[in-house]
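Reading the structure
Here's the letter readout for the chains.
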Amino acid sequence: MKPKAILFDMINCGGCSRCVKACMELHGFKGDPEQVKDLSATAYTCLVPEKEDYTVRNLCRHCVSPACASVCPVGALVKTEEGPVVWDGDRCLGCRYCMVACPFSIPRYEWDSTVPCVRKCDMCIDRIREGKKPACAEACPHDATVFGDRDEILAEARRRIRKSPKEYYDHIYGETEIGGTSVMFLAPFPVESLGFKKILGTDPLPALTANVLKKIPTVLVCGGAALLAIWWITKRRDEVALAESNPRWKGMNR
Ligand code: SF4
Ligand code: SF4
Ligand code: SF4
């Protein structure tokens, strides 16, 4: 499968919140979509006011080389061949390294949960694998959030800029920044709030995070290994307890 991508076109967006509503409904999150002002463990996307009455969506950029995945000590975040960067709640240690590493401040933590982990948009990977569009792209009535193969999405973005050069700022945010992203943006003006400040450059961030990780004292690395061991033992103990409570498994070797 060719890598997929989402294009958000700020000029076409009317701020109707249907994308936010569709995402919340898909995940069973409660609340008024029009009141969602920031990302949270129960809001994987939101609308943020921009200057001149424009609105911009915030959601995971699904980086081509994701810094979040590069720092996760247990491989709970993974870049899939389809494009989405997905997370595995069963693996997440709750160390929150990914929150520190993400250049766009995307991952959110379940502060209210007794077994907290990190949450974020997964680009509706299950729907993509069923041949469907992400729920937000399907819900958008104005072609402001569109989905497709990454190369087609780039071609569509270039087409829109070419067709209306006076309306669009001539730049596709996310085409090359930090090695490219799988959620890209068109805007009428240079937009710093998208997080694509020039300072990020075009080099993938994992190389930088790897250099930083090399400098982390061994004691912290050992601490990470210890946490991983504790996590594995606790998980195994829970699995054994579950198995022992199941009459079908009684007396079986495990
Ligand atoms: S935007 Fe942040 S959370 Fe999303 S893939 Fe990139 S580094 Fe990871
Ligand atoms: S791609 Fe899916 S999870 Fe991500 S914001 Fe859209 S509806 Fe929500
Ligand atoms: S559904 Fe489309 S037009 Fe409505 S807020 Fe979302 S991106 Fe904008």
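Below is a short write-up of the structure. Just so it is clear, the structure is predicted and the values come from calculations on it, not from any experiment. (Residues numbered from 1 in each chain as written. Chains lettered and ligands numbered in written order. Predicted model: local features only at pLDDT ≥ 70, side-chain atom pairs only at ≥ 80, totals over all residues. Heavy atoms only, no water.)

**Re the overall build of the protein**
Heads up, the condition is: Secondary structure elements are taken from DSSP: a helix is a run of H or I of four residues or more, a strand is a run of E of two residues or more, and numbering for both begins at the N terminus. In this scheme, a residue with accessible area under 20% of its type's maximum is buried, one over 50% is exposed, and one in between is partly exposed, where area comes from a 1.4 Å probe on protein chains only. Note on definitions: a residue-residue contact is assigned when non-hydrogen atoms from the two residues lie within 4.5 Å. In these tables, accessible area is a Shrake-Rupley quantity obtained with a 1.4 Å probe, and a residue counts as shielded only by the protein chains included in the view.
Along its length, the protein carries eight helices and nine strands. Counting all 254 residues of the protein, 45% fall into the buried class. Put simply, 59% of the contacts in the protein that link residues at least 6 apart link residues at least 24 apart. Summing over all exposed atoms, the protein offers an accessible surface of approximately 14,100 Å²; the carbon and sulfur share of this is 55%.

**A word on the pairing of strand S9 (residues 183-186)**
For clarity, the cut-off: Whether two strands pair comes down to DSSP finding at least two bridges between them.
Neither face of S9 is left uncovered, since the one carrying Val-183 and Phe-185 and the one carrying Met-184 and Leu-186 both have all their residues buried. The sheet contact formed by strand S1 (residues 4-9) and S9 spans four bridges and is parallel. By the bridge assignment, Leu-7 is partnered in S9 with Met-184.

**Describing the packing of aromatic side chains**
Condition: Pairing of aromatic side chains here covers Phe, Tyr and the six-membered ring of Trp, requires ring centres within 6.5 Å, and sorts the geometry by plane angle: under 30 degrees stacked, over 60 edge-to-face, intermediate tilted. Criterion for a charge above a ring: Lys NZ or Arg CZ within 6 Å of the ring centre, and within 35 degrees of the ring normal.
Per the stated rule, a full pass over the model turns up four aromatic pairs. On the numbers, 6.1 Å between centres and 65° between planes, the contact of Phe-8 with Phe-185 is edge-to-face. Remark: Phe-185 occurs in strand S9 and Phe-8 occurs in strand S1; sequence separation between them is 177 residues. A single burial state applies to Phe-8 and to Phe-185, both of which are buried. Arranged with centres 5.6 Å apart and planes meeting at 80°, the rings of Tyr-54 and Phe-189 form a pair that is edge-to-face. Linking Tyr-54 in the loop between strand S2 (46-49) and strand S3 (55-58) with Phe-189 in the loop between S9 and helix H7 (206-214), this pair joins segments that are 135 residues apart in sequence. For Tyr-54, a relative accessible area of 25% corresponds to the partly exposed category. For Phe-189, a relative accessible area of 8% translates into the label buried. Across from the ring centre of Phe-104, 4.6 Å away, lies the NZ or CZ of Arg-61, which sits over that ring.

**Some thoughts on unusual backbone geometry**
The phi angle at Cys-124 is positive, at roughly 55°, despite the residue not being glycine. Checked against the element boundaries, Cys-124 lands in the loop between strand S7 (118-119) and helix H4 (125-129). The backbone phi angle of Ile-178 is positive, close to 40°, even though this residue is not glycine. With respect to the helices and strands, the residue Ile-178 is situated in the loop between helix H6 (150-163) and S9. The exposure class of Ile-178 is buried, given its relative accessible area of 1%.

**Here we look at the nonpolar core**
Generally speaking, a soluble globular protein has its nonpolar side chains buried in company with each other. Worth spelling out the cut-off: Grouping buried Ala, Val, Leu, Ile, Met, Phe, Trp, Tyr and Cys residues that are joined through side-chain atoms within 4.5 Å yields what is termed a nonpolar core.
Counting 44 residues, the largest nonpolar core has Met-10, Phe-104, Tyr-173, Phe-185, Val-191 and Leu-194 as its most contacted members. Taken together, the elements giving at least two residues each to this core come down to S1, helix H1 (18-27), S2, helix H2 (67-71), helix H5 (135-139) and S9. The element that contributes the greatest number of residues to this core is H1, accounting for four residues. Among all residues touching Met-10, those that are not within four sequence positions of it are Glu-50, Tyr-54, Thr-55, Val-56, Leu-186, Ala-187, Pro-188, Phe-189 and Val-191.

**Structural notes on the sheet that holds strand S8 (residues 145-149)**
The following threshold applies: Axes, fitted as lines to C-alpha atoms, cover a helix only where it is in contact. Angles between the N-to-C directions of the axes lie from 0 to 180 degrees.
If you trace the three strands from one edge of the open sheet to the other, you get S8-S1-S9, paired in mixed fashion. Both outer strands of the open sheet, S8 and S9, are each paired with one neighbouring strand and no more. Within the sheet, the average angular offset between the axes of one strand and its neighbour, ignoring direction, is 25°. Seen against the sheet, H6 touches S1, S8 and S9 and runs at an angle of roughly 130° to S8.

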